[in-house]
Amino acid sequence: MGCWHIYLGILFYKQFPNWGFISIIIAFINIVLWLIYIGISIKTFIEITRTKSFQNVHGILLLTTVSTQSIVLLLNTISEEFPDIINLSLLFLGFGFYLVCVFFILFRYIKNTWSIERDWNNTNCILHGALSISGVACFITGIISIDIIRWIWRAALIIFIVVEAIELLRLFRRIKQF
């Protein structure tokens, strides 16, 4: 699920304050689309678990985290006093999606034989992006301690370094192989 429409809502709110109602309409549409997307995603997660079909999972699953945290960003942009309980619930849901997806991805690469040249997906780069946007969402809500946010961003940095090192290794191996 692309998040361009969420950022459109934020842009409208920030750049055209007199047209704030458009951001509210965009937010409502986004929440409906997000609920549909999350419903489909949860059914897919259940199916992956039930059939143990981890061999094809990759970073695209992490869009569940990105979309959830993007909703947090939008709602906290258009509403200065968005309820903490909803913020906290959405943040935890986003982190829950992150953990489930990381588990699926790690399980794939630990339990199956694979080749970095053929089996590492470009979408695995979302591993650090999803954690980074989670840190931003935590910061924007103002309900999470800055120390926790720093740990989230440190983890995102470490994951960024690891993923990009894998990408460099993949580059050299693909050049050599092909």
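Residues numbered from 1 in each chain as written. Predicted model: local features only at pLDDT ≥ 70, side-chain atom pairs only at ≥ 80, totals over all residues. Heavy atoms only, no water.

(A) Structural context of the pattern of salt bridges. Scanning the entire structure with this criterion turns up 3 salt bridges. When the shortest N-O distance is used, the salt bridge between E47 and R50 registers 2.6 Å. Of this pair, E47 and R50 both sit in helix α2 (residues 20–51), 3 residues apart, which is roughly one turn of the helix. Take E47: its relative accessible area is 36%, and that puts it in the partly exposed class. Across the salt bridge formed by R170 and E167, the nearest N and O atoms sit 3.5 Å from each other. Of this pair, R170 and E167 both sit in helix α7 (residues 146–177), 3 residues apart, which is roughly one turn of the helix. Among the residues examined, R170 registers a relative accessible area of 11% and is labelled buried. (Salt bridge = Lys/Arg side-chain N within 4 Å of Asp/Glu carboxyl O. Helix = DSSP H or I, 4+ residues; strand = E, 2+ residues; numbered from the N terminus. Buried < 20%, exposed > 50% of the residue type's maximum accessible area, 1.4 Å probe, protein only.)

(B) Inspection of unusual backbone geometry at higher detail. You will see that K52, though not glycine, has its phi angle at about 55 degrees, which is positive. Residue placement: K52 occurs in the loop between α2 and α3 (63–78). For K52, a relative accessible area of 62% translates into the label exposed.

(C) Geometry of the packing of aromatic side chains. Inspection of every chain in the model, using the stated rule, returns 11 aromatic pairs. Ring centres of F45 and F97 lie 6.2 Å apart, and the angle between their planes is 65 degrees; this geometry places the pair in the edge-to-face category. Residue F45 is found in helix α2, and its partner F97 is found in helix α4 (residues 84–111); the two are separated by 52 residues along the sequence. Pair check on accessibility: F45 and F97 agree, each one buried. One aromatic cluster is present, formed by F45, F54, F97, F103, F104 and F107 through successive ring pairs. (Phe/Tyr/Trp six-rings, centres within 6.5 Å; stacked < 30°, edge-to-face > 60°.)

(D) The arrangement of the nonpolar core in detail. One finds L61, L62, Y98, F104 and L127 to be the most contacted residues of the largest nonpolar core, which totals 43 residues. Counting residues per element, the ones that place at least two in this core are α2, α3, α4, α6 (126–141) and α7. Here this core gets 10 residues from one element, more than from any other, and that element is α4. (Core = buried A, V, L, I, M, F, W, Y, C linked by side-chain atoms within 4.5 Å.)

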